[in-house]
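# Structural features, examined
Residue-level listing of the chains:
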Amino acid sequence: MYQHYNYWLSGLVAYCFCEVVSEQVLDIMTSPKLVKRVENLHATLHEHNYRYYVLADPVISDQDYDKLFQDLQTLEHQNPSLISTDSPTQRVGSIAKDRLFRRVTHRIPMLSLQNVFDQQALLEFDHRLKQRLQSEGIDCRVLQYVCEPKLDGVAISLFYRQGRLEQALTRGDGHAGEDITSNARTIRLIPLKLRHQGYCPGELEVRGEVYISRQGFEHLNQQMLNRNERVFANPRNATAGSLRQLDSGITAQRPLLFCAYSVGIHSTWVNAPKLHSQWLEILVELGVPVSRDYEVKQGIEACMDYYKQQLLKRTTLDHDIDGVVYKIDDLHQQQLLGSVSHAPRWAVAHKFPAEETMSIVKGVDYQVGRTGVLTPVARLKPTQIGGVTVSNATLHNIDEMQRKDVCVGDTVTIRRAGDVIPELISVSLAKRPSYSQPVPIPTTCPVCGARVVRFDKLVALRCLGGLSCKAQLKQSIQHFSSRKALNIDGLGVQLIEQLVDQQWVRNVADLYQLDKNKLASLPRMGMKSAENLLTAIEHSKQTTLTRLIYGLGIREVGEVTAELLTRHFHTLQALMQADAAYLEQLDGVGSVVAQSITSFFAEPHNQKQLTDLQKLGLVWLEENPETSPKLLQGQIWVLTGRLRTLSREQAATRLRALGASVLTQISSRVTTLVVGEAPGSKQGHAEKLGIEQINEAEFLERLVST
DNA sequence: TTGCCTCGAGATCA
DNA sequence: CTCGAGGCAA
């Protein structure tokens, strides 16, 4: 630990130096001898770093290392032209100029992992894989897995070009993450330059976890305490917080560690590995740290042994792990298995049982959601669990609450499900106090007093107050102004609360008639804030049909459906006139959604709302400019039979991307029918109506040419 | 659901 | 200095 600490200090020294150096514009003639000397120092320091961090087998003392490090610094200081970006002294750059981290798309998405919590689910996982592989003609009575501990930190991706660290990204939503290169460079376990240049692929993306050791965490918090700053709640938050610093000088002072667990994009070469475990070995040779605890196992039973072994080992480790991960070792098998939307099929996280704690139910409140659904929420005596304080736990619905038999005053067991959402597991009847009362089921809304009903067969209670219920109104407005809807910047929950309570806003249209002076009179609002808000509101008047449809908060209509409706109808007028039967024909719209849409627009009150918005100057683009050009815009396509090259879902997605609507039934409005193998009755139907029919080859041709 | 960082702006005190 | 909003990660 303290050895690591010495190295961070060296990092600090480097920080001071490069600040000075960058201001000098010296251009001293450099002798070949000097160049050689600097190169040697680079190589030596990289080698010692590698031995220290990756192999955990240093061959020189810290003092000697620091001496070499300082030699290099002195040389670079005297000869700035010799400083290269992968020099061991260049870990800390300057403060990020552009105040936000740039968003960058991952070339291969960073998926998350399926989780299992017990042996049963794990056996099913293994069984599924065998079946899938067998159907691909692979003999696989025993699957070979790579087992490794699952570190509890923050996932990142490192991109190396010609062996040099070029870009570091956070995982983000898996699709795109943030560019944290300057912060990643300060982590000493992350090589700026890979070893064995000749052998390493030209492009290599390393994926792994940034984390903090328990000791490092204690030490950091002690430091924060000494400086009178706030301490971190747990190592993971400290890690995430450190990576988000705009000043990488601060990141450099944090005891961040790194451990790689896989490879993303990479150039291929003759001896490219065939196994995941071979990749891990290559990473070690390239100087990238990987877990020392990984093992290759034959069959899922062996994996379970590994799990038990790691579970025992857990407490002795210097860092948090929340489970172990099993991956199919054979890369070809991985490829055959492929992925589902959010996770690869060939890997699974076997999670350790979540930490459980006792707490006391101080009360149960009912929360009223945007659509009026009442959700019981247990208010708990604040309790530490897994490094955070939990004081609320949702009980989901009345059935759930009654099944668990929750009473006020009960002592209960809680845990964080999936390590995120607090969950009330059970009540301890033995500890139930005599005064405890069952939680009353409300018959009226706790917010507006309107009648509460429970529709047949539905578990949910619903407040009938509609928008005259303040809770529903507040949430509708929040939804309307949210980023993906009308995007009114600066209109947060607190402000909405006040606007509604003052009765200045009774519906979304009222937002467009707010008075600046009145606004400025609110607490924590001044002239400046009021002006900014009004500008943001004004700005939101120019919007798109998709945003408007989504923002209206029609039940069952989210982002995706809103986009779908825009693509198909193009105008609000057309959407409002569509009947349920027609809507249901749209691929992606079922009877429930169709019903929701028609009943929303049938409501006179909603119709008035829309005309009011228009009168107040709201305009929307009926084509969606936020997506690529639509060459099949306005066309309606139907698919029949089996396609050889694409799944039907893939084909539909491609068509929609080009602006076409995809329906499941033939009608006179359909423009084109794609006929695959073994077509159904749709073909005959289309024939009668004289609709254009094309086969798979023509279809593919059309996809490329448009 | 909680905790963290950053930003802008209001509040407070000298 | 403090707060609210917004964004991010698990």
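Residues numbered from 1 in each chain as written. Chains lettered and ligands numbered in written order. Predicted model: local features only at pLDDT ≥ 70, side-chain atom pairs only at ≥ 80, totals over all residues. Heavy atoms only, no water.

Bringing the pairing of strand β25 (residues 672–675) into the picture now. Residues Thr672 and Val674 point to one face of β25 and Leu673 and Val675 to the other, with burial holding for every one of them. Note: strand β23 (residues 636–640) against β25, four bridges, orientation parallel. Each residue of the ladder has a partner; that of Trp637, found in β25, is Thr672. Where β25 and strand β26 (residues 692–695) come together, four bridges link them in parallel fashion. Across the sheet, Val675 pairs through a bridge with Asn695, a residue of β26. (Buried < 20%, exposed > 50% of the residue type's maximum accessible area, 1.4 Å probe, protein only. Helix = DSSP H or I, 4+ residues; strand = E, 2+ residues; numbered from the N terminus. Pairing = 2+ DSSP bridges.)

Moving on, we get to the protein's contact with DNA strand C. As a structural note, the neighbourhood of DNA strand C is formed by 19 residues, with Ala155, Thr170, Arg483, Gly490 and Gln494 the closest of them. Here, DNA strand C places atoms within 4 Å of the protein, and 89% of those atoms are sugar or phosphate. Within the side chain of Thr170, an N or O atom sits 2.8 Å from a phosphate oxygen of DNA strand C. Broken down by element, the surface near DNA strand C gets its largest block of residues, three residues, from helix α14 (residues 493–501). Here the residues of the surface near DNA strand C sort into six nonpolar, six polar and seven charged. (Near = heavy atom within 4 Å. Polar contact = N/O pair within 3.5 Å; in protein donor to acceptor, adjacent residues only side chain to side chain. Nonpolar A, V, L, I, M, F, W, Y, C, P; charged D, E, K, R; others polar.)

Assigned domains within chain A: domain 1 (2–82), domain 2 (121–351), domain 3 (356–438), domain 4 (466–540), domain 5 (545–621) and domain 6 (636–705). Taking the mean C-alpha position of each, domain 2 and domain 6 sit 43 Å from one another. (Domains from an automatic or database assignment.)

Further remarks concern the environment of Gly163. Relative to the helices and strands, Gly163 is located in the loop between β4 (154–161) and β5 (164–170). Distance in space between the C-alpha atoms of Gly163 and Leu286 is 8.8 Å, their sequence separation being 123 residues.

Moving on to the protein's contact with DNA strand B. Close contacts around DNA strand B come from 23 residues, with Ala233, Asn237, Leu246, Ser529 and Asn532 the closest. Contact distances for DNA strand B include 3.0 Å between a phosphate oxygen and a backbone N or O atom of Thr389. Within the residue set of the surface near DNA strand B, elements represented by two or more residues are α7 (235–243), β14 (388–394) and α16 (527–539). It is β14 that contributes the most residues to the surface near DNA strand B, five residues altogether.

Bringing the sheet that holds strand β8 (residues 256–266) into the picture now. Spatial strand order, β5-β4-β7-β8: four strands in an open sheet with antiparallel pairing. With one partner strand each, in any of the chains shown, β5 and β8 form the two edges of the open sheet. With direction set aside, neighbouring strand axes in the sheet form an average angle of 30°. As defined by bridge partners, β4 adjoins strand β7 (residues 203–212) across eight bridges and the pair is classed as antiparallel. Across the sheet, residue Phe159 finds its bridge partner in β7, namely Glu205. (Axes fitted to C-alpha atoms, helices over the stretch in contact; angles between N-to-C directions.)

With nine of its 11 residues buried, helix α18 (residues 559–569) lies for the most part within the structure. Residues of α18 that are buried include every one of Thr561, Ala562, Glu563, Leu564, Leu565, Thr566, Arg567, His568 and Phe569, and no others. Positive phi shows up at His570, right after α18, with a value of about 65°.

Moving on, we get to empty space enclosed by the protein. The full count for this structure, using the stated rule, is six cavities of 30 Å³ or more. One number sums up the size of the largest cavity: a volume of about 120 Å³. Contributing to the lining of the largest cavity are 13 residues, with His46, Asn49, Tyr50, Pro191 and Gly287 lying nearest its centre. In terms of residue class, the lining of the largest cavity is made up of six nonpolar, three polar and four charged. Here the lining of the largest cavity gathers at least three residues from each of two domains, domain 1 (2–82) and domain 2 (121–351). (1 Å grid on protein atoms, 1.4 Å probe; cavity = no way out; pocket = protein on both sides within 12 Å on 5 of 7 lines; lining within 4 Å. Points joined across faces, edges and corners; volume = space filled by probe spheres on them.)

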